[in-house]
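# Survey of secondary and tertiary structure
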Amino acid sequence: MHSIFTVAQEDSVIVSKTPMNIGDSTSVSDSLTQIKRKNIFQSNFKDFITETKLSSYNLIKHELDYLDYKYSGDIVLHLPFASMNNFGYSGAPNEPNIFSNGYGNVTLSINSNSFNNVWNNSIDLNRIQTEDISTIEIIPITRSFLYGTYNNSSVINVITLDTLRSKPLSRIRYYQAPNDEGFIDAMFSARVLSRLVLGFRLTNISSTGELKNTNYGSWKANIKGVYKISDSLYGKVNYYYLKSEVGLNGGININSSSSPSTVDIYNQFAPVSFSDRYNKTTIYNVDASLYGYLFANNFFRIVFGQYYNSDKFNQNKSKEISDSTRITNENKYNLTFAKFTTEQNLGRLKLKLSTGYEFIQYNIEAIEYNKDQQNYYAWLFAQYDFLNNSIRPSVFSKLSRYNSQSNNGLGADIRFNFFNTFQFFIGYSNFEKPYSIAESETLPQVYLDKVQSFQNFFTTIEYKTIFFNASLSYFTSQSYNTPIPVFNNRDLTLSSTKIIFSKSENISNDGMNFSADIKLWRLAANINFNYYNLIKNSSSQSSSNYNFITGLYYIDTLYNSNLYLKTGFTFYLNSNTDLMYYDFQQLRSSGYYLENGNATPFSTYNISNNPYRLDFFLSGRIQKLATFFFVYENILGNDYFIVPYYPITSGGIRLGISWDFIN
């Protein structure tokens, strides 16, 4: 669901041999000598793996400026094969489902560096500075295993706004929403020396929440500096800080009533499962990179970094009640890593090589794990262009070692581009996936001796014109020896209750997506429809079988082209999901508990649920500098839950503005 008009992330620009403006998007010319070369500042952050040119699978900053979102999870929903198990309040660790994969099989990549929690292999989209996104995309399921050491089947890839201008630039985004929710994001960048650009971004959000124990607050800060060593060599240092706290109420406590009704569930006084359960997160990430051209047609990048993550998970910490319900766990780790990536252009043949090494120190109180770990990987990617890029076949292979588990992968795909209007892409991959720390600590050895593997197939066809874009996609995924999560105790209020993995099974899954953008006169419409068919076994849950987003908008340019206006309605529809309870330390879900060695389903209640929502949206861009937006969420006042039993907020007005100050 994108705007028809897009802007490329990287362009070929005229670059002079004289000192150029670092990261400036404008062309710099020299009257004596001009060289046609890619802007290597931008090349630093292009993706070395994808380059599939699937326009339906990415959104760029220009499109995000006219999109209704509060955090990055709202943006992901507008991409093919994406849905969210939504807990209904700001800051909640909502579970993204990509190609029907959830926690434990989704990678969040930021500038080609994994942003996953390295002990439970989970992601939290609240931890991204949304205003820093330049491009966000879904990677084809056949290439996803190339990212990081986990070999996950699904990847959300983010490229940040790192093209710092030579001119000073400031930007502020602010909004106010119901439940005392406030958000502000401020950034500033400037060239402080002839060869040095510095920038910082600060983000704060807070909310009291509608239900008990749904409060949320976070601070995020990012500082970066880029130094031009020469016309073809750059260095960068990046620092990221996050501190947050979120209440985890466990959803509505259905067991508090013998016959729960709509009145009991959908109101701010509804009883919750946990009134004093919360998580505090602290993150310190720092990395330094050197990138550029040492030889003709050879681009390289070297990255060194250290990431620290601490999650303090507490339940009933300050209350005088039995120890059986008290939890005071700190789950933390230190990750030190190094990566080297190079790309060699040999005419029509393009070769890419990437290697990475990780050293991780764990102290995970949730599973009493206190060890060190070394991981490494290497992948090779080859691509050949026929008929002036009309036909582009690719092959790729990867070798990796994670927690003493050796894993291999192999894949191939081919892209056909017909007259820049039709594009067809088809691919296949077969790869092995390691068991995560959380899985390997509880999965019986008889299952650990088996190799976990995936066979993925993906194909899509795109049609693109000025007034109409559409894509139709299909995938299949067969996983073997996949760990099945269950709770080790039926009583979810006890401190001894957590997700364990009692066995592994084979799972088959397939799905299709249809997405389209239509523009006719001053009217614009978009559609994003996903459908999944999961062949379930006795103890696996499904995400929703389908989810659907469509919008109808009026778009116009007013006041002598000084105001770009977009206003209209967005409709969201989801199918009902299975009952799922969450272990918010391991960030895994299950609707089963272990009883006599068997996975037994929790009892459920048949409650009427109609998961649909209609929003009104208005945005205006004034002189390409300031954007104001007005949103009325859930204008029909529909009460529902996407994940039982977390009700969606009742809705209300969100009002905000973003403003660019160019000095």
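Residues numbered from 1 in each chain as written. Predicted model: local features only at pLDDT ≥ 70, side-chain atom pairs only at ≥ 80, totals over all residues. Heavy atoms only, no water.

## What about the packing of aromatic side chains?
Quick reminder of the rule: Two rings belonging to Phe, Tyr or Trp (six-membered ring only in the last case) form a pair when the distance between their centres is within 6.5 Å. Interplanar angles under 30 degrees mark stacking, angles over 60 mark edge-to-face geometry, and anything in between is tilted. Per the convention used, a helix needs a DSSP run of H or I reaching at least four residues, while a strand needs a run of E reaching at least two, with both numbered from the N terminus. When a residue's accessible area, from a 1.4 Å probe over protein chains only, is under 20% of the maximum for its type it is buried; when over 50% it is exposed; and in between it is partly exposed. A positively charged side chain is recorded as over a ring if its NZ (Lys) or CZ (Arg) lies within 6 Å of the ring centre. The angle to the ring normal must also be within 35 degrees.
For the structure on display, the rule yields 41 aromatic pairs. Centroid distance phenylalanine 81 to tyrosine 532: 6.4 Å. Interplanar angle 50°. Geometry classified as tilted. Here phenylalanine 81 is found in the loop between helix H3 (72-76) and strand E4 (82-85), whereas its partner tyrosine 532 is found in strand E26 (residues 523-535), with 451 residues between them in sequence. On the basis of relative accessible area, phenylalanine 81 is assigned to the buried category, the value being 0%. Members of the aromatic cluster, connected to one another through ring pairs, are Tyr57, Phe81, Phe99, Phe425, Phe458, Phe475 and Tyr532. Lying over the aromatic face of tyrosine 377, lysine 398 brings its terminal NZ or CZ to 5.2 Å of the ring centre. The lysine or arginine in question, arginine 613, covers the ring of tyrosine 572, its NZ or CZ lying 4.2 Å from the ring centre.

## Observations regarding unusual backbone geometry
For the bond running from proline 644 to tyrosine 645, omega is 0°, close enough to zero to count as cis. On the secondary structure map, tyrosine 645 appears in the loop between strand E34 (626-633) and strand E35 (652-662). Phi at asparagine 213 takes a positive value of approximately 60°, unusual for a residue other than glycine. Secondary-structure assignment places asparagine 213 in the loop between strand E12 (196-207) and strand E13 (216-230). Asparagine 213 gets classed as buried once you look at its relative accessible area, which sits at 14%.

## Here we look at the environment of serine 561
Structurally, the position occupied by serine 561 is in the loop between strand E27 (546-558) and strand E28 (563-574). By relative accessible area, which is 61% here, serine 561 ends up exposed. Separated by 62 residues in the primary sequence, serine 561 and glutamine 623 place their C-alpha atoms 7.6 Å from one another.

## A look at the sheet that holds strand E9 (residues 154-160)
For clarity, the cut-off: Pairs of strands are assigned from DSSP output, requiring at least two bridges between the strands.
On the basis of which strands lie adjacent, the open sheet formed by five strands has the order E3-E8-E9-E6-E7 and mixed pairing. Strands with a single pairing partner mark the edges of an open sheet, and in this sheet they are strand E3 (58-60) and strand E7 (113-114). Strand direction decides the pairing type here: strand E8 (residues 133-138) and E9, joined by five bridges, are antiparallel. If you follow isoleucine 133 over to E9, its bridge partner there is threonine 160.

## Describing the side chain of serine 440
Counted only if it meets this: The definition of a polar contact used here is a pair of N or O atoms within 3.5 Å, where within protein one atom must be able to donate a hydrogen and the other to accept one, and adjacent residues in sequence count solely through side-chain atom pairs. Here, residues are in contact when the closest pair of their heavy atoms is within 4.5 Å.
The residue serine 440 is located in helix H5 (residues 437-440) in this model. Of the polar contacts made by the side chain of serine 440, one reaches the backbone oxygen of isoleucine 437; its length is 3.2 Å. Not counting residues up to four positions away in its chain, the partners in contact with serine 440 are Asn403, Tyr435 and Leu448.

## A short note on a positive patch on the surface
Here is the rule: A patch consists of residues exposed above 30% relative accessible area that lack any salt bridge, with like charges linked at up to 9 Å and nonpolar side chains (Val, Leu, Ile, Met, Phe, Trp, Tyr) linked at up to 5 Å. Exposure was quantified through the Shrake-Rupley algorithm and a 1.4 Å probe, taking into account, for residues, occlusion by the shown protein chains and nothing else. We define a salt bridge as a contact between a side-chain nitrogen of Lys or Arg and a carboxyl oxygen of Asp or Glu at a distance within 4 Å. Charged-residue counts in this description rest on Lys and Arg as positive and Asp and Glu as negative, His and the chain ends being excluded. To locate a charge, take NZ of a lysine, CZ of an arginine, CG of an aspartate or CD of a glutamate.
Residues Lys243, Lys280, Lys312 and Lys317 make up a contiguous surface patch of positive charge. On the secondary structure map, lysine 243 appears in strand E14 (residues 233-247). Residue lysine 243 is classed as partly exposed on the basis of its relative accessible area, which comes to 45%.

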